[in-house]
Amino acid sequence: MVTAKNTWEEIKEAQPEIALIPIGTIEQHGRHLPVGTDWLVAEARGRELGRELGAYVLPAMPFGCSVEHMGFPGTVTLRPATLAAFLEDLVESLYRQGFRKIVVLSTHGGNWILKPTLRELNFEHPDLMLIWAHAMSAEPPPDIHAGEGETATMLHYYPELVRERREDCSPAYTQEYNDYVGLDVTTDTGVWGRPSRASAEKAATSLQGATERQVKYIRETFGRLEELRNRRQRAEQ
């Protein structure tokens, strides 16, 4: 492992194949933990992973997207576009340095913008392997695109638009590989699932239940938001 504490010559001699970018944030963590918790954990986790991978570990980025915590003193936040631009600039710098294997580690769930940014960078540079340090799932999901679920939904709403040629495909990869190379590589036809099993009748029942649950959720959420905002207004008076 090499870090920013090494000289350029030491980094050149080490010839690390992988670069690792840890990203945290500065936000409140209750009365018992420091506001730098996510950043400090990113530093520590970055070092641990770097040692195992023999990577060039960059200093952990302390700032992330924490707007939901701004009501507590000490929290600072970036706009999602700012964090995305940060990742783009770092990756482009590493790419120019010759790195083709880069790992992004985030210790804060609110840094969601990193995932689509990572996807875009992979497609901009076909020879780049920019991966997310966090496995999305242990097993390949059975049905995520144009499979039984989506085909059944279309059979229910627009049966005239569903063609007869339904080709099943069950890739042996987990879903994040679609962000790295695209579905034209992970699948043969763009299908991930079993459209041959789709049924309009089965979809009608599940969609009715989904509509009822969503209506209930929407109404309850608007009501609770109104209560919470009234609470804030009372506290500010």
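Data block above holds the structure.
Predicted, not measured: the structure shown is a model, and the values here were computed from it.

Some points on the nonpolar core
Here comes step 1: The biggest cluster of nonpolar side chains holds 27 residues, and the ones touching the most others in it are Ile 21, Ile 23, Val 91, Leu 94, Ile 102, Val 104 and Leu 130.
Here comes step 2: At the level of elements, strand 2 (18–23), helix 3 (80–96), strand 4 (101–106), helix 4 (114–124) and strand 5 (129–132) are the ones that each hand at least two residues to this core.
Here comes step 3: Residue contributions to this core peak at 7 residues, all from helix 3.
Here comes step 4: The contact partners of Val 104, leaving out residues within four places of it in the chain, are Ile 21, Ile 23, Leu 87, Leu 114, Leu 118, Leu 130, Ile 131, Trp 132 and Ala 133.

Thoughts on the sheet that holds strand 2
Here comes step 1: With parallel pairing, the 5 strands of this open sheet are ordered in space as 1-3-2-4-5. Each having just a single partner strand, strand 1 (2–3) and strand 5 make up the two edges of the open sheet.
Here comes step 2: As paired strands, strand 4 and strand 5 are joined by 4 bridges and run parallel to one another. In the strand pairing of strand 5, Val 103 is matched with Ile 131.

Considerations on the packing of helix 3 against helix 4
Here comes step 1: Across the interface, helix 3 lies against helix 4 with an axial gap of 9 Å and an inter-helix angle of 35°. When you trace helix 3 past helix 4, the crossing you get is right-handed. Counted together, Leu 83, Ala 84, Leu 87, Glu 88, Val 91 and Glu 92 of helix 3 and Leu 114, Thr 117, Leu 118, Leu 121 and Glu 124 of helix 4 form the full contact between these two elements.
Here comes step 2: In terms of residue class, the contact of helix 3 with helix 4 is made up of 7 nonpolar, 1 polar and 3 charged.

Looking at the pairing of strand 5
Here comes step 1: The two faces of strand 5 differ: Leu 130 and Trp 132 on one face are buried, but Met 129 and Ile 131 on the other face are not.
Here comes step 2: A crossover connection joins strand 4 to the parallel strand 5 through helix 4; in handedness this β-α-β unit is right-handed.

Things to note about helix 4
Here comes step 1: When we look at burial in helix 4, the residues that qualify are Leu 114, Lys 115, Thr 117, Leu 118, Leu 121 and Asn 122. Seen from one end, helix 4 has its buried residues packed into an arc of 160°, which puts them on one side.
Here comes step 2: Each element contacted by the buried residues of helix 4 is listed here: strand 2, helix 3, strand 4, strand 5 and helix 6 (177–181).

Definitions and limits used
Residues numbered from 1 in each chain as written. Predicted model: local features only at pLDDT ≥ 70, side-chain atom pairs only at ≥ 80, totals over all residues. Heavy atoms only, no water. Core = buried A, V, L, I, M, F, W, Y, C linked by side-chain atoms within 4.5 Å. Buried < 20%, exposed > 50% of the residue type's maximum accessible area, 1.4 Å probe, protein only. Helix = DSSP H or I, 4+ residues; strand = E, 2+ residues; numbered from the N terminus. Contact = heavy atoms within 4.5 Å. Pairing = 2+ DSSP bridges. Axes fitted to C-alpha atoms, helices over the stretch in contact; angles between N-to-C directions. Left-handed = near helix turned anticlockwise from the far one by under 90°. Nonpolar A, V, L, I, M, F, W, Y, C, P; charged D, E, K, R; others polar. Right-handed = clockwise from strand over helix to strand, strands pointing away. Arc of directions from axis to C-beta.

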